[in-house]
Protein chains: 2
Amino acid sequence: MPKLTEARRELRRDQIVQAARRCFVRTGMERTSVADITAESGLSAGSIYAHFTGKADIVRAVVQDSLDRRAELVAAFAASPHPPNPAQVILQLAAAADPDDARIALQALGEATTDPAIRDIVGTTIDRMHALFRASCEAWLVKSEGHAADAAAARATRLAGHLVAVFQSLLIQNAFPDGPGAVDATAVADLVAAQT
Amino acid sequence: MPKLTEARRELRRDQIVQAARRCFVRTGMERTSVADITAESGLSAGSIYAHFTGKADIVRAVVQDSLDRRAELVAAFAASPHPPNPAQVILQLAAAADPDDARIALQALGEATTDPAIRDIVGTTIDRMHALFRASCEAWLVKSEGHAADAAAARATRLAGHLVAVFQSLLIQNAFPDGPGAVDATAVADLVAAQT
DNA sequence: GTCTATACTACGATAGAC
DNA sequence: GTCTATCGTAGTATAGAC
């Protein structure tokens, strides 16, 4: 029965990841030392290196975790029995804003610029989000708007592109709450709704 | 006549900034050492510290330079005797894509998350871009569409918000040429044009 | 598995000659 | 102003006891 020990192992990893996440939000990925992470997690260097191969490994885990969290939010839209229309999706995304997640995501985008491993995670996550938006829009077009399946698929793909773009802009805006709020979610929602 | 020497001084600074820029694009802001910058610039450590107070100072200068370059591009639109309509602005922005500038900008956004000095530069630049977009749209509404001045001002502000958002999405897309192209500039242009 | 202590490296910044 | 050489420090990762 290695299940129990493996579950505990995963729990420890998560403990480290969450501590690292807090450090990254406060100090930035590159400028937090593993000493910072040990202090924040309450563990020691030896313990951490027993669960991760090195700092880069921790960074990857934190980025993956944060982006997964965001994607699951979108996945919930698509799985809903009453799929929201694109305008509602935008408003819900804006409402579900978590500044910490947004900051991690922005740092990840910056890192993706030079680090292939991070770029990979970011790239596949964007792909996944696009697919999820597509699924959500398609379900809405078919179920609520009565579109034919093939016509809905084509429209959904285009709509998903817009939603990814809006999502990215909201990301920047959410990361800086006191900053210039260029994106008016309601206005964008109206814009997208008008195209329906 | 300190003019000449001051010009030469500015030239040296620019030489260092451009070398640093190349390093940042290749290796990332945090991971390039000042040794890398000296090697790339052909200068020495001593010389560099005669022109900048430290690495953070160089980073600030590079970010400021890159963002200024982008803003000037937008300023040209507003100053044009025949101001482009919003859809054209989007298409021109997409056409003028420089991957290196986009990567620097993304790294800057990531840094802005934790570094107040960079956040300041990024914030004021976004404000400036918003104002420039506003001016460009207002000029277009008045000159080409015959709107009244006060009505144009209100509409221009909203349009500028959309343009900033699209600009930010294009930034992410431009930084990863082989990545998932979520934003279809033509489609977005159509969308904005439809709202006219 | 977890701790403390430490080895080794790389970096930012300065000193001093020219 | 620019160079070379170097100082001090901070950081990653490991060793070895428990």
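Each residue is numbered by its place in its chain's sequence as written, counting from 1. Chain labels run from A onward and ligand labels from 1 onward, assigned in the order the entries are written. In keeping with the model being predicted, local features are shown solely for residues with a pLDDT of at least 70 and side-chain atom pairs are shown and tallied solely at 80 or more, while totals for entire chains, interfaces and linings include all residues. With hydrogens and water excluded, all non-hydrogen atoms of the structure serve as input to the side-chain values.

Draft legend 1. The arrangement of the relation of the copies chain A and chain B in detail. A least-squares superposition brings the copies together, and it is based on the C-alpha atoms of residues with pLDDT no lower than 70 in both. In screw terms, the move from chain A to chain B is a rotation of 180° and a rise of 0.0 Å along the axis, fitting with an RMSD of 0.0 Å. Look at the turn and shift together and you get a two-fold axis relating the two. The C-alpha atom lying nearest the rotation axis in chain A is that of Gly110(A); the distance is 2.6 Å. Whether two residues touch is decided by their heavy atoms; if any such pair falls within 4.5 Å, the residues are in contact. Take the interface residues of chain A: 100% of them recur as interface residues in chain B, which is what a same-surface contact looks like.

Draft legend 2. Geometry of the interface of chain A and chain B. Between chain A and chain B, the residue contacts involve 37 residues of the former and 37 residues of the latter. Buried area: the accessible area, evaluated with a 1.4 Å probe, that two parts lose upon being put together, summed over both parts. In this assembly, chain A packs against chain B so that about 3,100 Å² is buried in total across both faces, 70% of it on carbon and sulfur atoms. By definition here, a salt bridge exists when the distance from a side-chain nitrogen of Lys or Arg to a carboxyl oxygen of Asp or Glu is within 4 Å. Run the count over chain A and chain B and you get two salt bridges. One salt bridge in this structure joins Glu111(B) and Arg31(A), with 3.9 Å as the shortest N-O distance.

Draft legend 3. The protein's contact with DNA strand D, seen in detail. The near set for a molecule or strand comprises every residue that places at least one heavy atom within 4 Å of it. Among the 13 residues in the neighbourhood of DNA strand D, the closest are listed as Val34(A), Tyr49(A), Arg12(B), Ser44(B) and His51(B). When the atoms of DNA strand D within 4 Å of the protein are grouped by moiety, sugar and phosphate amount to 67% of the total. Note that a phosphate oxygen of DNA strand D is positioned 2.8 Å from one of the side-chain N or O atoms of His51(B). Going along the chain from the N terminus, every DSSP run of H or I of four or more residues is numbered as a helix, and every run of E of two or more is numbered as a strand. Listed by contribution, the elements that provide at least two residues to the surface near DNA strand D are α3 (45-51) of chain A together with α3 (45-51) of chain B. When residues of the surface near DNA strand D are assigned to their parent elements, the largest contribution, three residues, is made by α3(B). Class assignment of the residues belonging to the surface near DNA strand D gives a composition of four nonpolar, seven polar and two charged. Pairs of N or O atoms are called polar contacts if they sit within 3.5 Å, as long as, within protein, a hydrogen donor faces a hydrogen acceptor (for residues adjacent in sequence, only side-chain-to-side-chain pairs). Under the grouping applied here, Gly and all other residues not named as nonpolar or charged are polar, the nonpolar ones being Ala, Val, Leu, Ile, Met, Phe, Trp, Tyr, Cys and Pro and the charged ones Asp, Glu, Lys and Arg.

Draft legend 4. Region of interest: the protein's contact with DNA strand C. Close to DNA strand C lie 13 residues, the nearest being Arg12(A), Ser44(A), His51(A), Val34(B) and Tyr49(B). A share of 66% of the atoms of DNA strand C within 4 Å of the protein falls on sugar and phosphate groups. A distance of 2.6 Å separates a phosphate oxygen of DNA strand C from a polar side-chain atom of Arg12(A). For DNA strand C, a phosphate oxygen lies 2.8 Å from a polar atom in the side chain of His51(A). Mapped onto the surface near DNA strand C, the elements with two or more residues apiece are α3 of chain A together with α3 of chain B. With three residues, the single largest contributor to the surface near DNA strand C is α3(A). Residue composition of the surface near DNA strand C, grouped by class: four nonpolar, seven polar and two charged.

Draft legend 5. Focus on the packing of helix α5 (residues 86-95) of chain A against helix α9 (residues 185-195) of chain A. Residue and element names in this part refer to chain A. Closest axis-to-axis distance for the α5/α9 pair is 8 Å, and the angle between their directions is 165°. By the angle between their directions, the pair α5 and α9 is classed as roughly antiparallel. Classified by chirality, the crossing of α9 by α5 is right-handed. Only Ala185, Thr186, Val188, Ala189, Val192 and Ala193 of α9 make contact with α5, whose side of the interface consists of Pro86, Ala87, Ile90, Leu91 and Ala94. Within the contact of α5 with α9, the residues separate by chemical class into ten nonpolar, one polar and no charged. To define axes, lines are fitted to C-alpha atoms, for helices over the stretch in contact only, and angles between the resulting N-to-C directions are given on a 0 to 180 degree scale. Angle categories: roughly parallel below 35 degrees, roughly antiparallel above 145, roughly perpendicular from 65 to 115, and oblique for all the rest. Two helices cross in a left-handed way if the nearer one is turned anticlockwise from the farther one by less than a right angle. They cross in a right-handed way if the turn is clockwise.

Draft legend 6. Looking closely at helix α5 (residues 86-95) of chain B. Residues and elements named next belong to chain B. Within α5, the full set of buried residues consists of Pro86, Ala87, Val89, Ile90 and Leu93. In an axial view of α5, the angular spread of the buried residues amounts to 160°, which keeps them on one side of the axis. Buried residues belonging to α5 abut α4 (55-79), α7 (116-143), α8 (149-175) and α9 (185-195). If you check the start of α5, you find a side-chain oxygen 3.0 Å away from the backbone N of Ala87, and it comes from Asn85. Type-normalised accessible area, obtained with a 1.4 Å probe on protein chains alone, sets the label of each residue: buried when under 20%, exposed when over 50%, and partly exposed for intermediate values. By construction, the arc corresponds to the directions joining the helix axis to the C-beta atoms.

Draft legend 7. Expanded view of the nonpolar core. Judged by nonpolar contacts, the single largest core of 116 residues is most densely connected at Phe24(A), Phe133(A), Phe24(B) and Phe133(B). For Phe133(A), the residues in contact, after removing those within four places along its chain, are Val74(A), Val89(A), Leu93(A), Ala160(A), Leu163(A), Val164(A) and Phe167(A). What is meant by a nonpolar core is a set of buried Ala, Val, Leu, Ile, Met, Phe, Trp, Tyr and Cys residues, joined one to another through side-chain atoms within 4.5 Å.

Draft legend 8. Representation of the domain arrangement of chain A. Residues and elements named next belong to chain A. Where each domain starts and ends comes from a domain assignment, either automatic or drawn from a database. Split into domains, chain A comes out as domain 1 (1-52) and domain 2 (62-195). Measuring from the centre of the C-alpha atoms in domain 1 to the corresponding centre in domain 2 gives 29 Å. In this complex, domain 1 contributes nine residues to the contact, which on the side of domain 2 involves 13 residues. Both faces combined, the contact of domain 1 with domain 2 buries some 930 Å², and carbon together with sulfur accounts for 60% of it. Linking Arg21 and Asp101 is a salt bridge whose minimum nitrogen-to-oxygen distance equals 2.8 Å. At the junction of domain 1 and domain 2, the tally comes to five residue pairs in polar contact (both at pLDDT 80 or more).

Draft legend 9. Spotlight on the environment of Trp140(B). Residues and elements named next belong to chain B. Here Trp140 shows up in helix α7. When its relative accessible area of 7% is taken as the criterion, Trp140 is described as buried. Through-space distance from the C-alpha of Trp140 to that of Asn85 is 6.1 Å; in sequence the pair is 55 residues apart.

Draft legend 10. The arrangement of the packing of aromatic side chains in detail. Residues and elements named next belong to chain A. Aromatic pairs are defined between Phe, Tyr and Trp rings, using the six-membered ring for Trp, whenever the two ring centres lie within 6.5 Å; interplanar angles under 30 degrees are classed as stacked, those over 60 as edge-to-face, and all others as tilted. In this structure the tally under the stated criterion is two aromatic pairs over all chains. Judged by centre distance (6.4 Å) and plane angle (65°), the rings of Phe133 and Phe167 are edge-to-face. Taken together, the positions of Phe133 in helix α7 (residues 116-143) and Phe167 in helix α8 (residues 149-175) put the pair 34 residues apart, joining distant regions of the chain. Judged by its relative accessible area of 1%, Phe133 falls in the buried class.

Draft legend 11. How the structure looks around the pattern of salt bridges. Within this structure, the stated rule accounts for 20 salt bridges over all chains. One salt bridge connects Arg128(A) with Asp68(A), and the closest N-O pair in it is separated by 3.1 Å. Remark: Asp68(A) occurs in helix α4 (residues 55-79) and Arg128(A) occurs in helix α7; sequence separation between them is 60 residues. A salt bridge links Arg22(B) to Glu40(B); the nearest nitrogen and oxygen atoms lie 2.7 Å apart. Taken together, the residues span a long stretch of sequence, with Arg22(B) in helix α1 (residues 2-27) and Glu40(B) in helix α2 (residues 34-41) at a distance of 18 residues. What you see here is one network of salt bridges that share partners, running through Arg21(A), Asp65(A), Arg69(A) and Asp101(A).

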